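# An overview of the molecular structure
So the chains spell out like this:
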Amino acid sequence: MALLAARAGRYREYAPPPALRRHFSRLWSHRLNDGPPATVAIVPDGYCDLLWIDGRLEVAGPDRTAAFPVIGPGATVIGARFAPGAAASWLKTPLSALVGLSVPLADIGRKETSEFEARLRDCPEPTADVALFGRLLEEAARHEEEPDRDAAVIFAAADSGRPAPGLPDRLGISERQLRRRCHHHFGYGAKTLERIRRFQRFLDVCRKAGTMPLARIALEAGFADQAHMTREVAELSTLTPAIILDQLGMRERSG
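Residues numbered from 1 in each chain as written. Predicted model: local features only at pLDDT ≥ 70, side-chain atom pairs only at ≥ 80, totals over all residues. Heavy atoms only, no water.

## A few points about the nonpolar core
Ranked by internal contacts, the top residues of the largest apolar core, which has 39 residues, are I154, F186, F199, F202, I217 and I244. Elements with a contribution of two residues or more to this core: α5 (149–160), α6 (167–171), α7 (175–186), α8 (190–207), α9 (214–221), α10 (226–237) and α11 (241–247). The dominant element in this core, judged by the number of residues it contributes, is α8, at eight residues. Grouped together as the second largest cluster of nonpolar side chains are 30 residues, F82, W90, V103 and L137 included. (Core = buried A, V, L, I, M, F, W, Y, C linked by side-chain atoms within 4.5 Å. Buried < 20%, exposed > 50% of the residue type's maximum accessible area, 1.4 Å probe, protein only. Helix = DSSP H or I, 4+ residues; strand = E, 2+ residues; numbered from the N terminus.)

Structure below.
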């Protein structure tokens, strides 16, 4: 059975420094547990991330369903989660071309990649990697364009559970333009983004659910009913709601 990434080691998030907040939602680090390798599920969240892993910079594109990367026990991954609307401009690549992929940043063509990788490899203290990673991104951000504002509105609507049909009027664009912008900035359409953000709301509810029954969790997360939640969670993660609730550690164990 797969483990959610949050259960497969120590995961920490950091607020980006002011110079990066337009471009990145979070900086983060994840150290996997030592011991026998586990099957780790990276579940979709609607974001694209820049990673420092195995001595190189990679772009983890948006996912439609869970990914199961091969990462060695004890490995540490450092990441920066792009803010909605920032990744396509930063990478000079539509995110529809990166769905479900992890691509070396060097292959995308950012000119400072080799220099950044060399400086990260030469970092004298492993515990200073996250800070150095952030400083390098700050250097790169000085010449970056402002993130697309419409993308932030689209993401916020999906995150809040408001239905997509009202978005074209709010943004003053057509349905076709909305579809193009969603694929450019998120990799897929508004409906898929809504499904993924509802799944993330489900995870948030599970983290604080305690003894809340699954039917109530379904309603709190925005599903039509428990059966709808079970189908969607299985399609997006390969796991059942009960397994996820157990893995997130908030349900009281009996015995």
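## A closer look at α5
For α5, which comprises twelve residues, the first-to-last C-alpha distance of 17 Å matches the rise-based estimate of 16 Å (1.5 Å per residue) to within 8%. Where α5 is concerned, the buried positions are A151, I154, F155, A157 and A158. Down the axis of α5, the smallest arc covering the buried residues is 160°, so these residues share one side. A side-chain oxygen of the first residue of α5 lies 3.1 Å from the backbone nitrogen of D150; this N-cap is D148. Looking one or two residues beyond α5, the residue adopting positive phi is G161, at roughly 90°. (Expected span 1.5 Å × (residues − 1). Arc of directions from axis to C-beta. Polar contact = N/O pair within 3.5 Å; in protein donor to acceptor, adjacent residues only side chain to side chain.)

## Observations regarding the sheet that holds strand β6 (residues 56–60)
With antiparallel pairing, the six strands of this open sheet are ordered in space as β2-β3-β7-β5-β6-β8. The open sheet terminates on both sides in strands that have one partner only, identified here as β2 (9–14) and β8 (102–104). Pairwise comparison of adjacent strand axes, ignoring direction, gives a mean angle of 25° for this sheet. Where helix α3 (residues 113–121) meets the sheet, it contacts β5 (49–53) and β6, and its direction lies at approximately 120° from that of β6. Against the sheet, helix α4 (residues 129–141) makes contact with β2, β3 (24–32), β5, β6 and β7 (76–82), and its axis sits at roughly 35° relative to β7, the strand it touches most. (Pairing = 2+ DSSP bridges. Axes fitted to C-alpha atoms, helices over the stretch in contact; angles between N-to-C directions. Contact = heavy atoms within 4.5 Å.)

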